[in-house]
Amino acid sequence: MNIIIYDFGTSSVKTCLFDIDSGIELLASSTASYSLYISDDGGAEQDTEEWWAALCSTTRDLFLKSDAKPEEIEGMAFCSQMQGTVFVDEKGNALRRPMTYLDQKGMKEYKECMGRGIIKVSGCSLYKLVKNLRVNYAASTSAKDPVWKYKWVEKNEPEVFAKTYKWLDICDYLAGRCTGRIIRTADSAFATFLYDTRKGKEGWNKGLVKMYKVNPKHLPEIIDSSDRAGELTAKAAEDLGLVAGIPVFGGGGDTTFVSIGAGSAKPGKTHIYVGTSGWVSTFLDYQTVDINAMITGVLSAKHGYFNYYAELETAGKCFDWVINHLALDEVGIYLKNNKVKDDYESSYTSLYDYISEEINKVPPGANGVIFTPWMHGNRCPFEDSNAGGMFFNIRIENGKRDMLRAVLEGICYHLRWLLECEDVKVKTSDPIRFVGGGSLSPVTCQMLADITGRRIETVNNTQEVGAIGTALTVAAGIRGVDVLELSEQLVKVKQTYLPNTENKEVYDHNYRTFKKLYKSNAAMFKEMNG
């Protein structure tokens, strides 16, 4: 069964062609990038035509890289970044550049609505929090949440707002462009915090819609991720190089599918993801919330199941930053030198492999240097858009290797913090599945095992776990089987890393300091960036 999945990330789309049979085979993949437009007012936007051009080029590339034919494709779906905001007209055309999950232009709108009230929790009106929590065990506690993007456009771009037919997330817009049908999947509807998760009441909640003053006419029909959104139109098929009539499934957000693609889709199983962003997620058959730590149970691809999800907004992005600005900006130990063979690419499959080897020369604890991975603010376990990344405790004897190792350790410290926060409300698992691009490095895998004290398992095609989970959902829909059982059957462990107890003391010591750094600097972050 040949299935195409579009894994739509913050900066690029990875289009994957899978054969799902008695196993999971990635037949071909192709990647194309698009821009992220950052503005001084907190904006973080993208362009729909850049998205579509990337989808078209990567889809056609699949058939150049494989023996598959367009007429052999049995289904397709999107797995995308979540909490975006796309305003469309009646034909599904975008009325302005979409805002991504990083966009925080709506800070004023957020504070005006949620910051009012005599009694507050986490800076938000207790009345509004309680009303939200009763309906869906969640609430908007961040200016980055979609409803404030919606309210910002209403207030600042009335001409766009007046033309709006529906308000969508990114995966919904793309599915609509392929099928001509304008819908939202349940997981993307939930991410607006206007969705009722109570059994028998699932759907848009009229009380919350009224409380946040959202126009109910802007809210589309809701379908499940495993439902068919429609069939590929002739126009979309022509653009993509496919055949009209291919079933297009609902799809949804990356957090919706990663647990399935990681083979971590039984109640109580925990996975950690590190890509551009990062998170800790535990699969549950019930919903719970920790409003103080900003953790809630978001909808899974299977109805009635949830991912208890704690997010780090910049994980791998921090490592990319430090490579670009410390490792490559100047002549140094990470550029070609007499210690590296001329045939660099044959010596190291990627720059990341080479730098991992260099990092491994530094002892655990990074010779006392600690890094905070809050390079675009932070959401969990504290919400603060003013928080920033920093290197702490650099001394004259420290070098670039120490700083690079400190970045990886800082990411792992924060993931341990999220893991411990989850343990307050649920029981996280041991072992933990570690997926995403971060798990490609054995150095990072061992570091995560040592810092968390948990056994770490990796899987094949770890960078495609979201796409694999989406493909398994599509395959289960076509076959009429249970997607959770299919995941358990087909996703296998590739490698296991056990904690090295010799490193526990230094990591525990640095971790205790790491957790204190935000509280010690919160006021200064506000003074600098507020």
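The preceding data block contains the structure.
Notes on the structure follow. Note that the structure is a prediction, hence the values are computed from the model and not measured.

**What about the pattern of salt bridges?**
What the rule picks out here adds up to 30 salt bridges. Where Arg198 meets Asp196, a salt bridge forms, and the shortest distance between an N and an O atom there is 2.8 Å. Assessed through its relative accessible area of 3%, Asp196 is described here as buried. Here the salt bridges share partners, and the residues they tie into one network are Glu45, Arg96, Arg97, Asp103, Lys105 and Glu157.

**Some remarks on the packing of aromatic side chains**
One pass over the full model with this rule turns up 26 aromatic pairs. Between the aromatic rings of Phe371 and Phe391, the centroid separation amounts to 4.9 Å while the plane-to-plane angle is 50°, which identifies the pairing as tilted. Separated by 20 residues along the polypeptide, Phe371 in strand S23 (residues 370-372) and Phe391 in strand S24 (residues 390-392) bring together distant segments of the chain. What makes Phe371 buried here is its relative accessible area of 1%. What makes Phe391 partly exposed here is its relative accessible area of 23%. Pairwise contacts between aromatic rings join Trp374, Phe382, Tyr413, Trp417, Tyr507, Tyr511, Phe514, Tyr518 and Phe525 into one cluster. Looking at Lys166, its charged tip hangs above the ring of Tyr165, at a distance of 4.9 Å from the centre. Above the plane of the ring of Trp167 lies Arg184, whose end atom (NZ or CZ) is 5.2 Å from the centre.

**Remarks on the side chain of Glu358**
Here Glu358 lies in helix H13 (residues 351-359). On the basis of relative accessibility, which here comes to 5%, the residue Glu358 falls in the buried class. A polar contact of 2.7 Å, which involves the side chain of Glu358, links it to the side chain of Arg401.

**Quick notes on the pairing of strand S3 (residues 24-33)**
Here nine bridges tie strand S2 (residues 12-20) to S3, and the two strands are oriented antiparallel to one another. Each bridged residue has a counterpart across the sheet, and for Cys16 the counterpart in S3 is Ser29.

What counts, and at which threshold
Numbering of residues starts from 1 in every chain and runs along the sequence as written. Per-residue local features of the predicted model are confined to residues with pLDDT of at least 70, and side-chain atom pairs are confined, for both listing and counting, to 80 or more; whole-chain, interface and lining totals are unaffected and use all residues. To get the side-chain values, all heavy atoms of the structure are used, and hydrogens and water are removed first. Salt bridges are defined by distance alone: a side-chain nitrogen of Lys or Arg within 4 Å of a carboxyl oxygen of Asp or Glu. Relative accessibility thresholds used throughout: buried, under 20% of the residue-type maximum; exposed, over 50%; partly exposed, between the two (1.4 Å probe, protein chains only). Two aromatic rings from Phe, Tyr or Trp, using only the six-membered ring of Trp, form a pair when their centres are within 6.5 Å; if the ring planes differ by under 30 degrees the pair is stacked, by over 60 it is edge-to-face, and anything between is tilted. Where helices and strands are cited, they refer to DSSP runs of H or I of at least four residues and of E of at least two residues respectively, numbered from the N terminus. Two conditions define a charge sitting above a ring: the NZ of Lys or the CZ of Arg must be within 6 Å of the ring centre, and it must be within 35 degrees of the ring normal. For this analysis, a polar contact is any N or O atom pair within 3.5 Å, provided that within protein one partner can donate a hydrogen and the other can accept it, and provided that sequence-adjacent residues contribute only side-chain to side-chain pairs. Two strands are counted as paired when DSSP detects at least two bridges linking them.

The quantities given are spatial measurements derived from coordinates; they are silent on function.
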